[in-house]
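# Chain and residue survey
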Amino acid sequence: MNKTYYYNFNKFDASFWAMILAFIMAAGCLGCCKCCCFCLGVWILFGLTVLLWCYKHIKHKAVVITDESIKIDYCNPLAWKDIKSAEVKTIRMGRKDYKILSLEPKGNIEYRYNWLQKHNCCFGPFAIPLYGILTPEDEDEIVKLVNGKIK
């Protein structure tokens, strides 16, 4: 079995509205001085917001589940035999509560942690987001698959 889940971001988020605002500003420059340096900067800003919005909405892998391991984002795969337990937790970041599936590794495992896994304060090194950036069906399926794999 090899199952891949992708992030599912809202298309009409803050980056979309920033892109629309930059377009309105750039279109407003067409009516005024066309050689103004300000207008060139606004067009560059518009181009960057379009590129960032497009990059955000291409398919980004969130979780890859195989028979041998689980891979979260761009981290190294974690073998199922190295996981002690899994728990759905609610953590608080700022003023918002976030639901995550936290995987607890066994002690003294052979694993190369990346920088973010070492410095991820509230989420822990192996956390799968369950707060709306995956589809609800994918979130439910991931929780069921992980609970089925962990002994």
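The preceding data block contains the structure.
Just so it is clear, the structure is predicted and the values come from calculations on it, not from any experiment.

## Here's the deal with the side chain of aspartate 82
With respect to the helices and strands, aspartate 82 occurs in the loop between β4 (78–79) and β5 (83–93). Residue class for aspartate 82 comes out buried when judged on its relative accessible area of 14%. Those residues in contact with aspartate 82, other than ones at most four positions away along the chain, are Pro105, Lys106 and Ile109.

## Quick word on the nonpolar core
In globular proteins that are soluble, nonpolar side chains generally tend to be buried together. If you look at the biggest cluster of nonpolar residues, it comprises 24 residues, and the most contacted ones within it are Ile70, Leu103, Ile128, Ile142 and Val146. Not counting the four nearest positions on each side in its chain, valine 146 is found in contact with Ile65, Ile70, Trp80, Ala86, Leu101 and Leu103. Ranked by size, the runner-up nonpolar core spans nine residues in total, among them Ala22, Ala26, Cys29 and Val42.

## Structural notes on the sheet that holds strand β1 (residues 2–6)
On the basis of which strands lie adjacent, the open sheet formed by four strands has the order β1-β2-β3-β4 and antiparallel pairing. On the outer flanks of this sheet lie β1 and β4, each paired with one strand and no other. With five bridges connecting them, β1 and strand β2 (residues 61–66) associate as antiparallel partners. Residue pairing in the sheet places asparagine 2 in a bridge with threonine 66 of β2. The sheet contacts of helix α4 (residues 136–149) involve β1, β2 and β3 (69–72), and relative to β1 the element is tilted by about 145°.

## Re the pattern of salt bridges
For the structure on display, the rule yields five salt bridges. Taking the shortest distance from any N to any O, the salt bridge between aspartate 82 and lysine 81 comes out at 3.6 Å. In this structure lysine 81 comes out as exposed when scored by relative accessible area, which is 62%.

Rules used throughout
Residues numbered from 1 in each chain as written. Predicted model: local features only at pLDDT ≥ 70, side-chain atom pairs only at ≥ 80, totals over all residues. Heavy atoms only, no water. Helix = DSSP H or I, 4+ residues; strand = E, 2+ residues; numbered from the N terminus. Buried < 20%, exposed > 50% of the residue type's maximum accessible area, 1.4 Å probe, protein only. Contact = heavy atoms within 4.5 Å. Core = buried A, V, L, I, M, F, W, Y, C linked by side-chain atoms within 4.5 Å. Pairing = 2+ DSSP bridges. Axes fitted to C-alpha atoms, helices over the stretch in contact; angles between N-to-C directions. Salt bridge = Lys/Arg side-chain N within 4 Å of Asp/Glu carboxyl O.

Shape descriptors only; they carry no functional weight alone.
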